[in-house]
Every structure is written in C-alpha cells, then in structure tokens.
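Descriptive analysis of the structure
In case you want the letters, here they are:
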Amino acid sequence: MPGPGLDLIGEEEIAEVVEVLRSRHVSRYGAHDDPTFGARVRRFEEEVASRVGVRHAIALNAGSSAIWVALAGLGIGPGDEVIVPGFTYVSSISAIIYARAIPVLAEVDETFNLDPVDVEARITPRTRAILAVHMLGNPARLDELRAVADRHGLALIEDCAQAFGATYRGRWVGGYGVAGIYSFNEFKTITCGDGGMLVTDDETLYRRCFAMHDQGHSPFRLDVEIGQRPFLGLNFRMIELAGAVLLAQLRKLDRIRDHLRANKAIVEETIGDLPGLGFRLLPDPDGDLATHLVVVFPDEEVARHVTAELPSITLAASGWHVYANMENLIDRRTITGKGCPFDCRCFDDQERRYAPGMLPRTDALLARSMSFGIGVSDPNLAPYGLRMRDGPEVARQRAARFRDVAARHLAG
Ligand SMILES: Cc1ncc(COP(=O)(O)O)c(C=O)c1O
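Rules and cut-offs
Residues numbered from 1 in each chain as written. Predicted model: local features only at pLDDT ≥ 70, side-chain atom pairs only at ≥ 80, totals over all residues. Heavy atoms only, no water. Domains from an automatic or database assignment. Contact = heavy atoms within 4.5 Å. Buried area = accessible area lost by both parts, 1.4 Å probe. Salt bridge = Lys/Arg side-chain N within 4 Å of Asp/Glu carboxyl O. Helix = DSSP H or I, 4+ residues; strand = E, 2+ residues; numbered from the N terminus. Nonpolar A, V, L, I, M, F, W, Y, C, P; charged D, E, K, R; others polar. Pairing = 2+ DSSP bridges. Axes fitted to C-alpha atoms, helices over the stretch in contact; angles between N-to-C directions. Buried < 20%, exposed > 50% of the residue type's maximum accessible area, 1.4 Å probe, protein only. Core = buried A, V, L, I, M, F, W, Y, C linked by side-chain atoms within 4.5 Å. Near = heavy atom within 4 Å. Polar contact = N/O pair within 3.5 Å; in protein donor to acceptor, adjacent residues only side chain to side chain. Areas by Shrake-Rupley, 256 points an atom, 1.4 Å probe, with all protein chains shown as cover.

Description of the domain arrangement of the protein chain
Domain parsing of the protein chain yields domain 1 (4–250) and domain 2 (253–411). On a C-alpha basis, the centres of domain 1 and domain 2 stand 23 Å from each other. Contacts between domain 1 and domain 2 engage 57 residues on the former and 53 residues on the latter. Across the domain 1/domain 2 interface, buried area totals approximately 4600 Å², and carbon plus sulfur atoms make up 63% of it. Inspection of the domain 1/domain 2 interface yields three salt bridges. Taken together, the elements giving at least two residues each to the side of domain 1 that touches domain 2 come down to helix H1 (4–7), helix H5 (90–98), strand S3 (102–106), strand S6 (167–168) and helix H9 (240–250). Of the residues assigned to the side of domain 1 that touches domain 2, the class counts are 29 nonpolar, 14 polar and 14 charged.

Structure representation (structure tokens):
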C-alpha cells in the first residue's frame, strides 16, 4: 500500500541503484579515492539538511530508530518523562519506552496534533522533552509548542515521519525543534522501502546522535578514536542502495507536492460546502503537504454510517495510530517486563498506567473524523481516497461519491 513516492518509482531510481551495485560500494563508507563511489547517503543528508535549513542530517535505517537516537542524543532516559500525543504512530511512544523514559500522553486538538495548553498542563519536574508529531501531512502548532518548551527549558523534538516536505511559516518542519526526524517507509512522501533521518542544528547533539547510530564513532569515523568514543553506540546506518533510491525520489518532491495539492483542491471544492461537514484546522495551510484531507462529522453515528458505506474507517479505528488501540502499551509489555521505565525506582512517586478513555477529547474527535486519502492509501489510516497516480478526473469522481454518501447521512 503506497505513499506518493512509491507510485513514482521508475527509471531514475533504477539507474541510481544499478550504479551503486556496479560500483560495489554498497555501504555509506565507500572508498572516497575511488571515482565510482557516489557517496549517495552523504549527498542525500546534505540535500535534506540544506532544504530544512540546518547544519546536520543523519540518514538511518528507519524513522523509529531516528526517534530513539534523538532521545539518546539528548541523554533522555530513566527518571525522565516525554510528552507525546495520544494520536500518533506507535513508535513515537515505544521509542520513549525503549529509552527507558516515560511517555506522558497528551490530547490533540482540532489540528489533530498536540494541544499546547494540554501539553503545558502535563509538565512535571521530570519532563525533559515534548515530542510533537506532525500527523497526516500537516504541522502542529509549532509556535505555541516551542514557546511552551522554551518557558520550561524542555527539548522540542519534531516527529515529521508523516510530513516530509511540509512547511510551517515557510520553513521545513524538522527545523523548528532541537531535532527533527523523518521516515521513508513505503507510506511516506518519498520512500526507499524503509529508512529514516534525523536533522539538527545543534553540533553536540549531532555528534552524540551520530555516535549512537554508528557504534560510538564521531561523524564519518574521521578521527582516530580508540579510547575516545563518548559511549557505546549501535548500528542504525542507512545503506547506499537506500540512499540511491532516496536521491532520485527527492528530485520528485516538488512534483509530488504540486500534484497532491491540486488533487486536494479538487476534493475540497467538491465537498467543501456540505452542510454540517467540518474540516481539520491547519495552523499553516500554505505549508500543507496535502497527503490527507481530514473531515469531521457532527457526531460519531454519522461518521460510522459514512465510513461503513464508502467504505473507510474513522480515525479512532486507525489501528496503531491511536493510543487506545495499542494493547502492548496498555498492558505495558516490554521485553522482560522488568526494570525502567515501568518497574523501577525512578518513578517511586507514582505508577504509570495507560487505558482507553484517558484522553477523552482525543477519543471524541477521532471517533467522528476520517481521512480522505489524497496521496496515502493505508488500510489503517485512509482506505478511501486517491493515489498519486490518480488525476483530476478520478479526484472528481471519488469526491463526488463521498459527497453523495455524506450528504445523505448528514441530512438524515
Ligand atoms: C508519526 C510516525 N512516527 C514514526 C514512524 C516510524 O517510522 P518507521 O516506519 O520508518 O520506523 C511512523 C511510521 O509510520 C510515523 O507515522
């Protein structure tokens, strides 16, 4: 099931990959004195960093590891809390748990992203960071969230896995927080199958994150380091084959955005005046990636009827995007069930529990909403809608069918 980039994989990606294979430089650490080494991972990092407007980017094997590496880089661990929305993707929560810190779930508001007021109310002396997740292609209220983070001396981390290429006040998301992460799995704006990236303008954080993702080494293993590595790292490196595909995909980003925005405009034009139908609030409509159009029905019952008939699903039913559907979180299932964060002395003051119903505003909003997919077709998020390959005619047809079905249930 695709995101927009997957539908565009073609000769350009194939040519890049073939060159890598012919050169046999399949690791990012190819021989720089060999002219056949294309340093594609490095070039991809440089291109993304320059678009985001930050000094550093690290390509990784997945967005999930990028979140975990960011937390490790910030030194977040046992005894710490990180605030994260209850409507997100499971790994924004599990990465915090595997950092052995506590995820503190917060409400989303009508932006379907973190509610800054609720975030501030959940800050405790243990809070270290706010993980703002830009869900469904559109930025959270970044100005407000950054103000909250600054007021309380917290790190703002941006999870832009679903918003690669979206902007906020003219600037790429990922560059507002101290660190931003992206994902390149097959549902995302551009893809190489699986891949991720971390961006930051902070030199110390960059060096720590690089070390974490590459066995404790300093960037590019340039220094003689034996005896000087800051800590033990692991291996979350991106390979050249992935970098090759992503370089070709990145050149298609403008085309992807333009196409999605044009299709979204058609859908909005067709259904925008339906009495009783609401829409997600976009803090910066100009920065919208346009992968999704989120509609809000007056109540749960109408949402249930419309989604059953299309067929589609409400966002409340969007699997592992909603905290209440994460049974492994609710049951606090870690590998051994022992130690931090759930079974340790750091949190003697209170037991941490998660349960459906703990975020009533998020639950109520998601239960009466659905995403009309514009460029992402995902059975767990947006089964009804369009794909990148669909042109204006299909956009009109699908929007007209939605209008038909929704109008009947809204009137009834
Ligand atoms: C919001 C969000 N965060 C993190 C991730 C994790 O990315 P990956 O699948 O590359 O590990 C995803 C992936 O779907 C996501 O949607």
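Description of the sheet that holds strand S11 (residues 292–296)
Read across the open sheet, the three strands follow the order S10-S11-S12; overall the sheet is antiparallel. Either end of the sheet is taken by a strand with one partner, and the two such strands are strand S10 (278–279) and strand S12 (369–373). The pairing of S10 with S11 spans two bridges and is classified as antiparallel. Within S11, the position partnered with Phe279 by the bridge is Val295. Packed on one face of the sheet, helix H10 (residues 253–271) meets S10, S11 and S12 and runs near 20° to S11.

Thoughts on unusual backbone geometry
A cis geometry characterises the amide bond from Leu310 onward to Pro311, with omega recorded as 0°. Here Pro311 lies in the loop between helix H11 (300–309) and helix H12 (327–330). Backbone torsion omega between Cys340 and Pro341 reads 10°, so that peptide bond is classified as cis. Examined against the element boundaries, Pro341 turns out to sit in the loop between H12 and helix H13 (360–367). Positive phi, normally seen in glycine, also occurs at Gln215, with a value near 55°. Note that Gln215 resides in the loop between helix H8 (203–213) and H9. Given a relative accessible area of 37%, Gln215 falls into the partly exposed group. With a phi angle near 70°, Ala290 is a residue other than glycine that sits in the positive phi range. With respect to the secondary-structure elements, Ala290 resides in the loop between S10 and S11.

Describing the nonpolar core
The biggest cluster of nonpolar side chains holds 132 residues, and the ones touching the most others in it are Tyr182, Phe184, Phe297 and Phe402. For this core, the leading source of residues is helix H4 (residues 63–73), giving seven residues. Built from parts of two domains, this core gets at least three residues from each of domain 1 (4–250) and domain 2 (253–411). Apart from residues no more than four positions distant in its own chain, Phe297 is found in contact with Leu277, Val302, Ala303, Val306, Arg368, Met370, Phe402, Ala406 and Leu410.

Details of the site of the ligand
Residues in close proximity to the ligand total 15 residues, the closest being Gly63, Ser64, Asp159, Ser183 and Lys188. Asp159 has a polar side-chain atom sitting 2.7 Å from a nitrogen atom of the ligand. Within the contact set of the ligand, an oxygen atom lies 2.7 Å away from a side-chain nitrogen or oxygen of Ser183. For the ligand, the accessible surface in isolation is 390 Å², of which the surrounding protein chains cover 94%. Contributions of two or more residues to the shell around the ligand are made by H4 and H5. Looking at which element gives the most residues to the shell around the ligand, the answer is H4, with three residues. Partitioning the shell around the ligand into residue classes produces five nonpolar, eight polar and two charged.

As for the sheet that holds strand S5 (residues 155–159)
Each strand in a sheet pairs with its neighbour through backbone hydrogen bonds, running either in the same direction (parallel) or in the opposite one (antiparallel). With mixed pairing, seven strands are arranged side by side in an open sheet as S1-S9-S8-S5-S4-S2-S3. Each edge of the open sheet is held by one strand with a lone partner, namely strand S1 (56–60) and S3. Pairwise comparison of adjacent strand axes, ignoring direction, gives a mean angle of 20° for this sheet. The pairing of strand S2 (residues 81–85) with strand S4 (residues 127–133) spans three bridges and is classified as parallel. In the strand pairing of S4, Ile83 is matched with Ile130. Where helix H3 (residues 40–52) meets the sheet, its contacts fall on S1, strand S8 (179–183) and strand S9 (196–200), and the angle it forms with S1 comes to roughly 135°. Along the sheet, H4 makes contact with S1, S2, S4, S5, S8 and S9, crossing S8 at roughly 165°.

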